[in-house]
Amino acid sequence: MPEGKVFLVGAGPGDPALLTLKAAKLLQEADVVVVDALVSPAILRMIAPGVRVVDAGKRASRHTLPQETTNQILVDEAKRGNRVVRLKGGDPFVFGRGGEEAEELSRNGVDFEVVPGISSAIAGPAYAGIPVTHRSLATSVSLITGHESDESSGIDWERLAASSGTLVFLMGLGRLSSICEQLVSRGMNSHMPVAVIAKATTAEQRTVTGTLATIAARVQEAELPAPALVVVGRVVALRESIEWFEKRPLFGRRIVVTRAREQASDLRRLLEDAGAIVLEFPMVEIAAPSDSWASLDSVIDRIGEYDRLVFTSTNGVAAFFERLFEKGRDARALSRLEIAAVGETTAGALRNLGLAADLVPEKFQSAALLPLLPEDQSGVSTAVVRAAAGRDELIDELRRRGGRVDLAVAYETKATDEGLDELRALLSAGSIDCVTFTSSSTVTNLFERLGADEKATLLDRAVVASIGPSTSETLRGLDVPIGIEAPLPSIAALVDAVIAHYRRDTPKG
Ligand code: SAH
């Protein structure tokens, strides 16, 4: 049997993106993960399926497992030959009792590694816009336990009160007023700035600032929840100019993206940059044409007979070239053709393949190509690569102008209900702020599946955002009030409109 091993791993302060690469890798390779109460659910979801999870979570008043039991589990599991990840909030050696666990492992001859994590003591202030050191304001930082039962360990209040550095108290929320009194009674200026940061680095982060004299009352009034950090020092004043995290326009807003997963990344990134919590519930997926590849194959096989090729979407570009390659051909087959791309994104997909589109209408609508094309189309052969369901306006009009047009069906968008149950639960819990729709099919596929009650709760609690006229038309057809509509049918304009909506809106309550 191979020797087991224990990894004492820091899970970071909360935001799963602040997990180290090494921690993420170990969560995939572990046999057992022993977790803490402070580890966020988003990180727990990163544990590979099939890995055994032991909850050793402990909170001040509700000890799930005594430390000795946890130590014993680590030793026993490792001795059974397991790869054990002991996952702890923040950094394992910053007030996490990781030191004690390492001592115990060492005493028992168990092989172990320590994987540092980003401590809340550093990340919390950073996310509140407070640098813990600053050349002209603080040349040192102290991390101090605020926990009652550790008082006997003898905090040197005299020295802390005299310190010109930053003081960061962990586990100090419950004893905030006593901490402030201790410092003031030992001579620290009662006007010294203080910040209390709760649930740092998460969508629920909240920060309250004040002075040693005022902070306790303010925090009580704000009902700040645990876990929280107390930061004392002149650097706290910098928050006024460099606060960034809580200030982002969509901070803490829970926004649903209904686009196909293949297409959701731009929308997700832009929303996340603005501070939103993005929940992807694709209502459509991109699939091979269910009828057949016949129309696309025929266009590819007779590509030399066409004068012009129109791509209406990035999906069309991807499917066309995949099929072209499968047939042992490549982009050179298009060398003689005029190429039109509907919208900048579609043109970008072609550019990535080394092809510069000759015609690119600004609008993401195939009919927008028409003004760019000559009135007389006689003798001109056009192939239009697009989804099975699509608007025929372009094709009809080209034919009316005397051209020959063939349709090449490259994909279809199919309804999907991946995660629908989870979406339902979130909707009925009222925990969604906004649902975005980027096409008519996402609208119909969602509302077709929701019951009347579910639809009513959605509309009651969440704002509906539409990418543009045709999506809005479908929404109106289903009696869905539109709270936000993009002025132009593009992802960037949609996100701007969502941001503008929430900027106008009253602050989140
Ligand atoms: N090892 C952890 C600290 C464990 S002690 C670390 O390095 O972050 C637990 C204390 O950490 C809490 O009482 C609180 O003061 C602080 N803490 C942990 N996560 C926090 C968070 N997301 N926001 C604010 N404080 C946090």
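Residues numbered from 1 in each chain as written. Predicted model: local features only at pLDDT ≥ 70, side-chain atom pairs only at ≥ 80, totals over all residues. Heavy atoms only, no water.

## Comments concerning the environment of V385
Then step 1. Relative to the assigned elements, V385 resides in strand β18 (residues 381-387).
Then step 2. Spatially, the C-alpha atoms of V385 and A408 are 4.7 Å apart, while their sequence positions differ by 23 residues.
Then step 3. The residues contacting V385, other than those within four sequence positions of it, are L309, V310, F311, T312, G316, F320, A408 and A410. (Helix = DSSP H or I, 4+ residues; strand = E, 2+ residues; numbered from the N terminus. Contact = heavy atoms within 4.5 Å.)

## Considering the site of the ligand
Then step 1. What surrounds the ligand is a group of 17 residues, the closest being V94, S119, S120, M171 and A228.
Then step 2. At 2.7 Å, a backbone N or O of V94 approaches a nitrogen atom of the ligand.
Then step 3. Interatomic distance of 2.8 Å between a backbone N/O atom of M171 and an oxygen atom of the ligand.
Then step 4. When the ligand is considered free in solution it has 540 Å² of accessible area, and contact with the protein chains removes 91% of it.
Then step 5. Per-class residue counts for the shell around the ligand are eleven nonpolar, four polar and two charged. (Near = heavy atom within 4 Å. Polar contact = N/O pair within 3.5 Å; in protein donor to acceptor, adjacent residues only side chain to side chain. Areas by Shrake-Rupley, 256 points an atom, 1.4 Å probe, with all protein chains shown as cover. Nonpolar A, V, L, I, M, F, W, Y, C, P; charged D, E, K, R; others polar.)

## Considering the sheet that holds strand β14 (residues 277-280)
Strand-to-strand pairing in sheets goes through backbone hydrogen bonds, with the strands running parallel or antiparallel.
Then step 1. Pairing in this open sheet of five strands is parallel, and the strands run β14-β13-β20-β21-β22 from one edge to the other. Looking at which strands have only one partner, the edges of the open sheet turn out to be β14 and β22 (484-485).
Then step 2. One ladder, built from two bridges, connects strand β21 (residues 463-466) with β22; its direction is parallel. Note on β22: the bridge partner recorded for S466 is E485.
Then step 3. Set on the sheet, helix α10 (residues 265-273) makes contact with β13 (254-257), β14 and β20 (434-437); between it and β14 the angle comes to about 160°.
Then step 4. Strand contacts of helix α19 (residues 491-504): β13, β20, β21 and β22, with the helix running at about 150° to β21, the strand carrying the most contacts. (Pairing = 2+ DSSP bridges. Axes fitted to C-alpha atoms, helices over the stretch in contact; angles between N-to-C directions.)

## Remarks on helix α12 (residues 314-326)
Then step 1. Its 13 residues give α12 an end-to-end C-alpha distance of 18 Å, which sits within 8% of 18 Å, the value for a rise of 1.5 Å per residue.
Then step 2. Considering only its buried residues, α12 is in contact with β15 (284-287), α11 (294-301), β16 (308-311), α13 (344-352), β18 and β19 (404-415). (Expected span 1.5 Å × (residues − 1).)

## A few points about the environment of T438
Then step 1. If you trace the backbone, T438 turns up in the loop between β20 and α16 (440-449).
Then step 2. Other than its neighbours up to four places away in sequence, T438 contacts T258, R259, L267, I467, T471, I491 and L494.

## Concerning the side chain of Q205
Then step 1. Along the chain, the position of Q205 falls in the loop between β10 (193-198) and β11 (206-211).
Then step 2. We classify Q205 as buried; its relative accessible area is 2%.
Then step 3. Polar contacts involving the side chain of Q205 include one to the main-chain carbonyl oxygen of Y127, which spans 2.9 Å.
Then step 4. Here Q205 is in contact with Y127, A128, I197, A198, K199, A200, F245, E246 and F251, once residues within four sequence places are set aside. (Buried < 20%, exposed > 50% of the residue type's maximum accessible area, 1.4 Å probe, protein only.)

## Some words on helix α14 (residues 393-400)
Then step 1. Within α14 the residues assigned to the buried category are L394, I395, E397 and L398.
Then step 2. In this structure, the buried residues of α14 make contact with β16, β18 and β19.
Then step 3. Downstream of α14 by a residue or two, G402 has a phi angle that is positive, lying close to 95°.

## As for the environment of F321
Then step 1. You can see F321 is positioned in helix α12.
Then step 2. Given a relative accessible area of 4%, F321 falls into the buried group.
Then step 3. In this structure, the C-alpha to C-alpha distance between F321 and T202, residues 119 residues apart in sequence, is 42 Å.
Then step 4. Leave out the neighbours within four places in its chain, and F321 touches F311, A331, L334, L350, L353 and L355.

## Quick word on the packing of aromatic side chains
Then step 1. Tallying each qualifying case throughout the model produces nine aromatic pairs.
Then step 2. Both rings, one in Y127 and one in F245, keep their centres 4.6 Å apart while their planes meet at 55°; by these two values the pair is tilted. Linking Y127 in helix α5 (residues 120-127) with F245 in the loop between α9 (239-242) and β13, this pair joins segments that are 118 residues apart in sequence. Pair check on accessibility: Y127 and F245 agree, each one buried.
Then step 3. An aromatic cluster is defined as three or more aromatic residues linked by ring pairs; in this entry it consists of Y127, W244, F245 and F251. (Phe/Tyr/Trp six-rings, centres within 6.5 Å; stacked < 30°, edge-to-face > 60°.)

## Structural notes on the pattern of salt bridges
Then step 1. Following the criterion strictly, the structure yields 38 salt bridges and no others.
Then step 2. Through salt bridges with shared partners, a single ionic network connects D297, D301, R323, E326 and K327. (Salt bridge = Lys/Arg side-chain N within 4 Å of Asp/Glu carboxyl O.)

## Considerations on unusual backbone geometry
Phi is mostly negative for residues that are not glycine, and the peptide bonds are mostly trans.
Then step 1. With omega at -5°, the peptide bond leading from A226 into P227 counts as cis.
Then step 2. When you line up the elements, P227 lands in the loop between α8 (215-222) and β12 (228-232).
Then step 3. Unlike most non-glycine residues, F95 shows phi in positive territory, near 45°.
Then step 4. Positionally, F95 belongs in the loop between β6 (83-88) and α4 (98-107).
Then step 5. Positive phi, close to 60°, is recorded for D479, a residue that is not glycine.
Then step 6. Checked against the element boundaries, D479 lands in the loop between α18 (469-477) and β22.

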